[in-house]
Amino acid sequence: TAYTEHRIGERDAVSFAGRRSYVDAVLNPILNDGNRRIQAPRYYDFQARWMHKTKRDGLFDVFFFLSDDSFRFLGPEDEGSFVQTSFGTSFQKLRVQFVQKMAEDWRLETTVLGGPQSKEFQFDGQGEAYERPFLPTVRVEMMRPDEDDRIGVRLGVDVMAGVDRYLYDVPSFGSREEGESVIIAPGMYVESTVNLGPSQWVAGLRGDAMRYEDGVVGPLLDPRLGLKVDLWEGGRFVGGVGRHSQFPLTRQLLSEGEGVPGLEAAYAMQTSVGLEQTVGSVFSIEALGFYHRLNNLVSGREDTFRFFTGPPDFGPFDTGSYANEGTGYVYGLESLIRLDLPNTVAFLSATLSRSQRLDRPDEEEELFRYDQPVVLTAIGSHDFGNGWRVGSRVRFSSGYPYTPVVNSFYDLQNREFIPVFGERSSARLPNFFALDLRIDKEWEYRNWVLTTYLDIQNLTNTTNPEVISWTYDFENEEAVESNPLLPAFGLKGEW
């Protein structure tokens, strides 16, 4: 990692930052010939920024940033049981922003953001898939804060316009799909903040629409309302309710592929209530209950290729046409306890939740593929003095649900085993657990500071399955595991 910032004259400043991981350089030589199935990540990113303050007290801000992340599965290639797979995501963005103060405490903010981005997938050298949208956005916003007035106002217009293109050509994951469409998506919003004694009300309304190759989605109207009330010293009630909409994917809309022109946007009615309590500046606790109702979800075509961030589906699949027939709900409780002492900082967060889906009205309700009933995280750091600091993180979460294979038969014509799946989402991956430890030592010199650190990920070397696969005959399950114990030593110099 490298970062530098420089002031140029009285009105200009520039900064640069870059980062490159090296875990792949450590793991690849060790594990390429090993027996474990490991995800070896690699990432780098870069940022450059120029800020200029105008003579009329305006701010001109130019910010360029890029990122490139990828990983591939490592391990032996036993007959039929494992293939080399790689995945990558990258983007390059330029944001130009101008902020100008206006009369009566109003402020005008204009932002232009755009650049290419991509998701790439390679499977065993026999297929590829990508999504390469180029969708620049322009936002113009006027706002007046509520610092001195009881009423604050924010209103704006944003427009996204460009081209969305994709290719899914992986024989093992459905038939080939390719498409491209010009997208134009304008939006307008208004938000008002009203302070009435110990309470603060925030009301907003957003409208959106999207034009694509074969039609229009929308217009959509999403009202939202939030409330904060100071109950007693250090105690506050928070609550909110609102509608949030999401356009269908381009592949779900285009008639040149398997899409269905005329699909509507999915939307969620989200509600939450909670309490916050602080005790001086040392201790605080937050608890928030939430319930989200999901409607108009797009169902169908589950046998086609898709990028996923968790365990993939293996079946049985809903192969019907796309339709706005899916519904669902999510409910749960989030809590956060924080301790902030002069030499010690620690917090504990816990989330208890349930997420259900119903893809078609005539089907049975089932668990969402990313449902995790319990997620716990504890982080603590203590300064022992003389430049020494020790910190630790403990994570625990429930495993994702998946559909098990209960039997298989041999297809003589295609010379392959065909799985017989059990009840959908009736099995779960094992629970995830990881203990991380970090030790820092800092030396202060006249003009600079040197810090050394030892960062040990997965200190207990716990085996955490992330994705389930099977042997070639579906007789036994085989899991792709997360990283093993991984120590990293580093140096940091600050001038």
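Predicted, not measured: the structure shown is a model, and the values here were computed from it.

The next subject is the overall build of the protein chain. The secondary structure content of the protein chain amounts to two helices and 30 strands. Relative to the globule expectation of 23 Å for 495 residues, the C-alpha radius of gyration of the protein chain, 26 Å, shows essentially globular dimensions. Taking the principal axes of the C-alpha coordinates as reference, the protein chain spans close to 80 × 60 × 50 Å. Per-residue burial over the protein chain gives 36% buried out of 495 residues.

Looking at the element boundaries, Ile456 is found in strand 27 (residues 449-457). With 18 residues separating them in the primary sequence, Ile456 and Arg438 have C-alpha atoms 6.2 Å apart. Ile456 has contacts with Leu435, Asp436, Leu437, Leu485, Leu486 and Pro487, leaving out every residue within four places of it along the chain.

For Val163, the location among the structural elements is in strand 10 (residues 151-169). Val163 sits in the partly exposed class, given a relative accessible area of 22%. Separated by 80 residues in the primary sequence, Val163 and Arg243 place their C-alpha atoms 27 Å from one another. Apart from the residues lying within four places of it in its own chain, the contact partners of Val163 are Arg132, Pro133, Phe134, Leu135, Glu180, Ser181 and Val182.

In the structure shown here, the tally under the stated rule is 17 aromatic pairs. Summarising the aromatic geometry, the rings of Tyr329 and Tyr331 are spaced 6.0 Å apart at their centres and angled 15° between planes, so their arrangement reads as stacked. Judged by its relative accessible area of 17%, Tyr329 is buried. For Tyr331, a relative accessible area of 38% translates into the label partly exposed. A ring pair is formed by Phe417 and Tyr472, whose centres lie 5.9 Å apart and whose planes are at 80°; its orientation type is edge-to-face. Residue Phe417 is located in strand 24 (residues 416-421), and its partner Tyr472 is located in the loop between strand 28 (465-470) and strand 29 (477-481); the two are separated by 55 residues in the primary sequence. By the ring-pair criterion, three or more aromatic residues cluster together here, those being Phe87, Phe121, Tyr166, Tyr168, Phe305 and Phe307. Above the face of the Trp443 ring, Lys441 is positioned so that its terminal group lies 4.4 Å from the ring centre.

In total, this model carries 32 salt bridges according to the counting rule given. A salt bridge links Asp455 to Arg438; the shortest N-O distance between them is 3.8 Å. In this pair, Asp455 sits in strand 27 while Arg438 sits in strand 26 (residues 432-444), placing the two residues 17 residues apart along the sequence. Note on Arg438: relative accessible area 31%, which makes it partly exposed. Each of Arg139, Asp158, Arg206 and Asp208 takes part in salt bridges that share partners, so that together they form one network.

To continue, consider the nonpolar core. Where a protein is soluble and globular, its nonpolar side chains tend to be buried together. Among the nonpolar cores identified, the biggest contains 19 residues, and Phe121, Ala129, Met210, Tyr212 and Phe305 are the most heavily contacted of them. Among the secondary structure elements, those contributing two or more residues to this core are strand 7 (117-123), strand 10, strand 11 (177-196), strand 12 (199-212) and strand 13 (215-232). Contacts of Phe121, omitting those with residues within four sequence positions, involve Thr85, Ser86, Phe87, Gly127, Glu128, Ala129, Val170, Phe173, Phe305 and Phe307. In this structure, Tyr402, Val405, Leu429 and Ile468 belong to the second largest nonpolar core, which totals six residues.

What follows covers the pairing of strand 15 (residues 266-279). Taken together, the twelve bridges between strand 14 (residues 235-246) and strand 15 define a ladder with antiparallel strand orientation. Residue pairing across strands places Gly242 opposite Gln270, the latter belonging to strand 15. In this structure, the hairpin formed by strand 15 and strand 16 (residues 283-299) is closed by a connection of three residues, where Gly280 is found at a positive phi of approximately 60°.

Further remarks concern the pairing of strand 1 (residues 2-8). By the bridge criterion, seven bridges tie strand 1 to strand 2 (residues 12-20) in an arrangement that is antiparallel. Following the sheet pairing, His6 is matched in strand 2 by Val14. Count of turn residues in the strand 1/strand 2 antiparallel hairpin: three residues, of which Gly9 carries a positive phi of about 70°.

In this section: the side chain of Gln356. By secondary structure assignment, the location of Gln356 is in strand 18 (residues 344-358). Within the local environment of Gln356, its side chain forms a polar contact with the backbone oxygen of Glu366, the two atoms lying 3.3 Å apart. Not counting residues up to four positions away in its chain, the partners in contact with Gln356 are Thr327, Gly328, Tyr329, Glu365, Glu366, Leu367 and Phe368.

Below, the discussion takes up the side chain of Gln97. Secondary-structure assignment places Gln97 in strand 5 (residues 85-101). Within the local environment of Gln97, its side chain forms a polar contact with the side chain of Glu109, the two groups lying 3.4 Å apart. The residues touching Gln97, leaving out its near neighbours within four places in the chain, are Leu59, Phe60, Asp61, Glu109, Thr110 and Thr111.

Criteria and thresholds
- Residues numbered from 1 in each chain as written.
- Predicted model: local features only at pLDDT ≥ 70, side-chain atom pairs only at ≥ 80, totals over all residues.
- Heavy atoms only, no water.
- Helix = DSSP H or I, 4+ residues; strand = E, 2+ residues; numbered from the N terminus.
- Rg over C-alpha atoms; globule rule 2.2 N^0.38 Å.
- Buried < 20%, exposed > 50% of the residue type's maximum accessible area, 1.4 Å probe, protein only.
- Contact = heavy atoms within 4.5 Å.
- Phe/Tyr/Trp six-rings, centres within 6.5 Å; stacked < 30°, edge-to-face > 60°.
- Lys NZ or Arg CZ within 6 Å of the ring centre and 35° of its normal.
- Salt bridge = Lys/Arg side-chain N within 4 Å of Asp/Glu carboxyl O.
- Core = buried A, V, L, I, M, F, W, Y, C linked by side-chain atoms within 4.5 Å.
- Pairing = 2+ DSSP bridges.
- Polar contact = N/O pair within 3.5 Å; in protein donor to acceptor, adjacent residues only side chain to side chain.

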